[in-house]
Amino acid sequence: MATLLTVPSWINGAEQTHDKSFPVVSPSTGQPCWNATSASPADAICAVEAAEAALPAWKATKPAQRQAILLKAAALLEERAQDLCDIMSAEMGADTFTAENIVLKLAVQMMRDCAYRCSSICGSAPTVLANGQSAMVWKEPYGVVLGITAWNAPYVFASRAIANAISTGNTTVIKSSELAPRCGWAVGRALSDAGLPPGVVNIISCQASDAPDVVKAMIDHPAVKKVNFTGSAAVGRKIAIMCSQNLKPSLMELGGKNSAIILPDADLEKAAQACILGGFANQGQICMATSRLVILKQVASRFFDVLKQRLDAAQAQKSSPPVVVTANSASRLRGVLADAEAKGAKVLSGGQLSSSENTARFLPTVIDEVNPDMEAWKEENFGPLIGCVVAETEDEAVEIANSSPYGLSASIFTQDLRKGFALARKIEAGAVHINTMTIQDEPPLPFGGVKQSGWGRFNAEEGMKEFLVTKCVTWDD
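Residues numbered from 1 in each chain as written. Predicted model: local features only at pLDDT ≥ 70, side-chain atom pairs only at ≥ 80, totals over all residues. Heavy atoms only, no water.

An unreviewed UniProt entry annotates the protein as Aldehyde dehydrogenase domain-containing protein originating from Hirsutella minnesotensis 3608.

Caption draft 1: Quick look at the sheet that holds strand β4 (residues 20-25). Across the sheet, which stays open at both edges, the three strands sit in the order β1-β5-β4 with mixed pairing between neighbours. Pairing within the sheet leaves two strands with one partner each, and these edge strands are β1 (6-7) and β4. Two strands pair when backbone bridges link them, and β4 and strand β5 (residues 32-38) are joined in this way by six bridges, in the antiparallel orientation. Residue pairing in the sheet places Ser 21 in a bridge with Thr 37 of β5. Set on the sheet, helix α3 (residues 81-92) makes contact with β4 and β5; between it and β5 the angle comes to about 90°. (Pairing = 2+ DSSP bridges. Helix = DSSP H or I, 4+ residues; strand = E, 2+ residues; numbered from the N terminus. Contact = heavy atoms within 4.5 Å. Axes fitted to C-alpha atoms, helices over the stretch in contact; angles between N-to-C directions.)

Caption draft 2: Local environment of the pattern of salt bridges. Within this structure, the stated rule accounts for 20 salt bridges. Among the ionic pairs, Glu 466 bridges to Lys 226, the shortest N-O distance being 3.0 Å. Of this pair, Glu 466 sits in the loop between α15 (460-465) and β22 (468-476) while Lys 226 sits in strand β10 (residues 224-230), placing them 240 residues apart in sequence. Like Lys 226, Glu 466 is buried. (Salt bridge = Lys/Arg side-chain N within 4 Å of Asp/Glu carboxyl O. Buried < 20%, exposed > 50% of the residue type's maximum accessible area, 1.4 Å probe, protein only.)

Caption draft 3: Expanded view of the environment of Leu 55. Counting through the fold element by element, Leu 55 comes out in helix α1 (residues 41-59). Its relative accessible area of 17% is what places Leu 55 among the buried residues. Leu 55 sits 88 residues away from Gly 143 along the chain, and the two C-alpha atoms are 6.7 Å apart. If we skip the residues at most four places from it in the chain, Leu 55 touches Gly 143, Val 144, Gly 169, Asn 170 and Thr 171.

Quick look at the structure:
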């Protein structure tokens with residue numbers, strides 16, 4: 001039997017393997033596609049110390065130098081698209097279109113956007129009260145920033161955590177998900193080949209059982225000045241506690257229970273297509289995925305007819321059920337579906353597979369008559385499972401959308417833009433999209449949530465500010 005490749009860490013500009021490794025299982029085959037080196041707390045501290053040592057020189061670099069490296073790295077990611085998409089497909093089962101045209105494309109856009117914003121960082125010179133005194137406000141990097149990334153869009157999350165940090169003069173350590181460690185490695189390789197100095201970016205991963213100790217060691221380290229995390233609310237709570245105990249700021253981009261509201265005057269064809277794409281893109285494994293459809297009663301019957309036609313057409317094009325990231329994830333989704341059916345939900349499309357074997361396959365499924373007693377109502381599904389509920393009034397529809405503890409994204413479908421704006425003001429979410437799906441993330445738009453979907457923002461000027469400290473300097477003239 002051929003020896004499997006072992007994915008190394010990137011520490012201080014060099015690939016490193018450690019004492020332990022773990023298998024990375026492909027959901028498509030159920031077999032290991034490669035192994036990954038597993039960082040210990042001591043290895044993680046080495047990565048932090050490498051970033052700390054690199055900080056003074058990197059902090060002193062000119063924006064043009066940072067820009068050139070990021071632009072070169074983005075170009076290399078594009079050149080290596082085929083290999084990168086193959087890696088992502090093997091690690092998490094993503095289809096080729098999603099890997100290349102959604103995840104990798106957005107990662108490259110984000111890296112370039114941060115590169116172009118390098119030279120726009122500036123402070124101000126406010127007028128102070130006292131005569132004979134002047135002041136300036138400076139924007140400075142935090143120092144070493146720890147980024148903890150999720151597996152479902154690995155190139156996006158690694159690129160934005162790295163690019164925001166280093167474009168603003170910070171150095172960083174990235175802890176990649178154990179489900180997609182080679183994707184993280186590949187971003188590190190591109191940056192190294194683009195000429196990034198050793199230690200500016202360090203990338204590690206570890207087996208899941210070691211993650212709490214590895215993350216705690218880095219957050220506890222005095223050199224780490226800020227943490228950004230992308231992932232579940234459950235893990236985000238634990239990381240937020242560690243940060244609070246160390247009095248360190250954090251940027252949290254967590255889960256979502258995202259609703260699409262279908263009003264009576266909506267373009268039903270457009271709404272149905274957007275809801276299907278928003279719910280099933282990347283097998284529903286997107287924090288912004290459409291999890292719940294809230295349909296006004298006046299249009300419910302017509303909308304369900306259109307939705308069913310669209311679902312049947314989409315299903316006819318599928319040769320086999322898609323895979324989610326792990327067999328455990330598929331098992332969890334089957335449990336959520338069984339709970340909903342037991343409590344009165346009706347399957348409109350999809351449903352349980354006839355085989356009960358432990359596989360990562362799960363049919364894209366839409367259920368109707370979900371209610372607050374069901375798990376499908378309460379938590380994000382993070383898989384291709386959409387729940388529907390009929391509302392009597394617009395106010396009830398907004399109330400249903402806001403009933404979730406999450407507040408990441410929402411959609412409203414209406415041909416009355418004034419009404420769309422009015423309802424958007426009432427919805428508790430970081431983003432509301434009128435006549436488009438709940439999934440929308442691009443460099444010019446600040447991205448993040450409210451409530452249990454987190455705090456802070458990635459992207460655009462707001463995203464850059466998350467990685468900068470404000471300092472006031474005054475002097476007597």
